[in-house]
Structures are given as C-alpha cells and as structure tokens.
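# Secondary and tertiary structure notes
Each chain, letter by letter, is given below.
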Amino acid sequence: MTVPTSARALIIGGGVVGCSIAYHLAKLGWSDVVLLERKRLTSGTTWHAAGLMTIYGSTSETMLEIRRYSRRLYARLEQETGQQTGFAPVGFIEVAADADRLEEQRRVAAFNRFHGNEVIELSPGEVQDLFPLAKVDDIEAGFYSPQDGRINPVDVTMALAKGARMRGARIAEGVKVTGVTDNGSRVTGVDWEADGETGHIAADI
C-alpha cells in the first residue's frame, strides 16, 4: 500500500499485539487506522511464541475475563476471516511439586471454579494417564483445565490482520519508523523510511 500522510490511530509493529489493536479498533468502528511494520508481520518475537491459550492460572477477575475473551475470539476468528488460527482446545495441566505449591494451586483452582472455569484436581497417576510422558513420582498433584489449549501465533496474527483489513484498517509492511514527533504534550505522528524513501505520518493517536 502507499504510505498515507495522516491517520487517526497509528500502530507501530505488526506482531500479535499490534495486529490485535488494529483489529479491535476497526471492529469498534474506528476509521483511518494504520499499522506500520518494519519487516513482515510476525517477524519480531511473535513467530516463536509458545502459543499457549490458557484461562487457568489467574487470580484476577479482570485477567480471567481477558483470557476468556481471547479464547472466544480465537475460536471464532477462523470463521470470521477464513484464516486458520491453529486453535486447539487440547487441555492444560499445572502441577504442584511440594506442599506450598499445592496449597497455592488449590486456591487458584477455587478462584477459577468460582468464576465458572472447569478445573479438575488430579492425582499424580491421573496426570500420567492424561500425559504419559510426564514424570510424576515427585509431584503432589495436578490441576487440569480441559477448555484450555494452544494456538499458532503466526496464524492468529494473520487472522487478526485480515480481520482488521476487512474493516478498513491499513497495514504497511517494510516501513520502518525512524522517529516519533510530539508537540510537548502528546504524540503528533511518526517519521518513516522504506526502500530509500522517507516521509511523515501525522496521527491523532
């Protein structure tokens, strides 16, 4: 795409976070959203992320809801965009190796159950039944969350980017941000370079 000279919202970086911001702003009805990526989408740290999609583990109601929202989003993105996400609800096991950790995980599990997440406490033998490669002779228990699983970080990012574009956001790859301008109280835009060319994008946000 031709690099524009202005944008309402300008996002620097085309990893999963940047593409998610573009997707969500566009979905909220924001027009004139621009994302700049200096190389290719996912070429920073996103491509080698673990891809875990777990609701279990948080003791914050806010974080639990963010994780639940993410799971719902990843489950529907493929249908919405036609781009696979690699979402697979294969389950997740957390283990406790000593008494202190066992008490901590029981509290986490109770908090999760209170907020509607299924968590099953497992004996070491039950952990091994679910995951035969596990060494379980030195653990106290396991905590199994069957609704959790994994995604493919690159595929999720591409789906978010496609969803953003479908709603009017513009994404430019191969455009490096070289500076951020401000008026003393807020950011006013960015300077960029690409293929020997340079320019400036004025931005409200």
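Our structure's up above, just so we're on the same page.
Computed from a predicted model, the values in this text were never measured in an experiment.

Taken as a whole and assessed by the stated rule, the structure comprises one aromatic pair. Each ring, one from Tyr56 and one from Phe92, has its centre 6.5 Å from the other, and the planes form 45 degrees; the classification is tilted. Separated by 36 residues along the polypeptide, Tyr56 in the loop between β4 (52–53) and α2 (61–81) and Phe92 in strand β5 (residues 92–96) bring together distant segments of the chain. Both residues of the pair, Tyr56 and Phe92, count as buried. Its guanidinium or amino end placed over the ring of Trp30, Arg8 lies 3.6 Å from that ring's centre, counting from NZ or CZ.

All right, on to unusual backbone geometry then. Unusually for a residue other than glycine, Asp32 sits at a positive phi of about 65 degrees. Within the secondary structure, Asp32 is located in the loop between α1 (16–27) and β3 (33–37). One non-glycine residue, Asp195, lies in positive phi territory at about 50 degrees. Among the secondary structure elements, Asp195 is positioned in the loop between β11 (187–194) and β12 (197–203).

Procedures and definitions
- Every chain is numbered on its own, with residues counted from 1 as its sequence reads.
- Given that this is a predicted model, residues contribute local features only at a pLDDT of at least 70 and side-chain atom pairs are listed and counted only at 80 or more, while totals for whole chains, interfaces and linings are drawn from all residues.
- Excluded from the side-chain calculation are hydrogens and water; included are all heavy atoms of the structure.
- Only rings of Phe, Tyr and Trp enter the pairing, Trp through its six-membered ring, and a pair is recorded when the two centres are within 6.5 Å. The plane angle decides the type: under 30 degrees is stacked, over 60 is edge-to-face, the rest tilted.
- Comment: elements are numbered from the N terminus, with helices defined as DSSP H or I runs of at least four residues and strands as E runs of at least two.
- When a residue's accessible area, from a 1.4 Å probe over protein chains only, is under 20% of the maximum for its type it is buried; when over 50% it is exposed; and in between it is partly exposed.
- Charge-over-ring placement is defined geometrically: NZ (Lys) or CZ (Arg) within 6 Å of the ring centre, and within 35 degrees of the ring normal.

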